[in-house]
Amino acid sequence: MKISDILTEDLVVTHLEGNSKRDVIEAMVDIVARSPKVLDADKVRTAIFEREKIMSTGVGNGFAIPHGKTDAVTDIVAAFAVTAEPIDYESLDEKPVRLVFLLVGKDNLVGPHIKLLSRISRLMNKEEFRNRLLQVPTSREILELFRQEEASYFEV
């Protein structure tokens, strides 16, 4: 499964407003709730915040990957956003976040969920790719960057 298979234009946002980690996660859950794969947005929200209690998903380099698993989705669903301003996300490197990738997996699809987390992390580890994501003005262009990067980085 590719990132570009699960992201759609309506699940990608540029200039996401929010002043805190909580604001950003709340907004990301609202975005992902647009997907018909989401059966219960409140359960998704709870799963994400419960996972966040274990350890911050602000992994460093201005990137966060809030995620969780729940029976409140019919399949893996995701949203991506570039925040309007840098957000204090309690990141592992203590640096603010601007790139946020929310991933919600179905309880019984652990393998694909972990593979996608790994794929996202590897892509977002590339400084040049992160910088390009910060520069493009539209959701469509962000999706195209993900497609191009996956095609060049992974065997498809």
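Relevant structure appears above.
Heads up: these notes are all about the structure in this document.

## Re the packing of helix α5 (residues 127-135) against helix α6 (residues 139-153)
Contact geometry for α5 and α6: axes closest at 9 Å, N-to-C directions at 160°. As summarised for this structure, α5 and α6 are arranged roughly antiparallel, according to the angle between their axes. In the crossing of α5 with α6, the sense of the turn from one axis to the other is right-handed. From α5, F129, R132 and L133 reach across to α6, where they touch I142, L145, F146 and E149. Here the contact of α5 with α6 is composed, by residue class, of 5 nonpolar, no polar and 2 charged.

## Quick word on the nonpolar core
L16, M28 and V44 are the most contacted members of the largest nonpolar core, which totals 26 residues. Elements that contribute at least two residues to this core include exactly β1 (12-16), α2 (21-32), α3 (41-54), β5 (77-87) and β6 (97-106). In terms of residue count, α2 provides more of this core than any other element does, 7 residues in total. Beyond its immediate chain neighbours, meaning those up to four positions away, V44 contacts V29, V32, V38, T70, A72, V73 and V104.

## Some thoughts on the environment of R119
Relative to the helices and strands, R119 is located in helix α4 (residues 110-124). Residue R119 is classed as buried on the basis of its relative accessible area, which comes to 14%. In this structure, the C-alpha to C-alpha distance between R119 and G18, residues 101 residues apart in sequence, is 26 Å.

## Structural notes on the pairing of β5
Here β5 lies mainly inside the structure; 9 of its 11 residues are buried. Pairing between β1 and β5: 3 bridges, direction parallel. Note on β5: the bridge partner recorded for V12 is F80. Of the pairings in the sheet, the one linking β5 to β6 comprises 7 bridges and is antiparallel in character. When the bridges of β6 are listed, A81 appears paired with V100.

## Considering unusual backbone geometry
Most peptide bonds are trans, and most residues other than glycine sit at a negative phi. Within the chain, H15 stands out as a residue other than glycine whose phi angle is a positive 60°. Relative to the elements of secondary structure, H15 occurs in strand β1. Judged by relative accessible area, which is 52%, H15 ranks as exposed. In this model, E94 sits at a positive phi of 65°, which is unusual for a non-glycine residue. If you trace the backbone, E94 turns up in the loop between β5 and β6. Residue class for E94 comes out exposed when judged on its relative accessible area of 75%.

The rules behind each value
Residues numbered from 1 in each chain as written. Predicted model: local features only at pLDDT ≥ 70, side-chain atom pairs only at ≥ 80, totals over all residues. Heavy atoms only, no water. Axes fitted to C-alpha atoms, helices over the stretch in contact; angles between N-to-C directions. Helix = DSSP H or I, 4+ residues; strand = E, 2+ residues; numbered from the N terminus. Parallel < 35°, antiparallel > 145°, perpendicular 65-115°, else oblique. Left-handed = near helix turned anticlockwise from the far one by under 90°. Contact = heavy atoms within 4.5 Å. Nonpolar A, V, L, I, M, F, W, Y, C, P; charged D, E, K, R; others polar. Core = buried A, V, L, I, M, F, W, Y, C linked by side-chain atoms within 4.5 Å. Buried < 20%, exposed > 50% of the residue type's maximum accessible area, 1.4 Å probe, protein only. Pairing = 2+ DSSP bridges.

Honestly, that's just the spatial picture; any functional story needs more than this.
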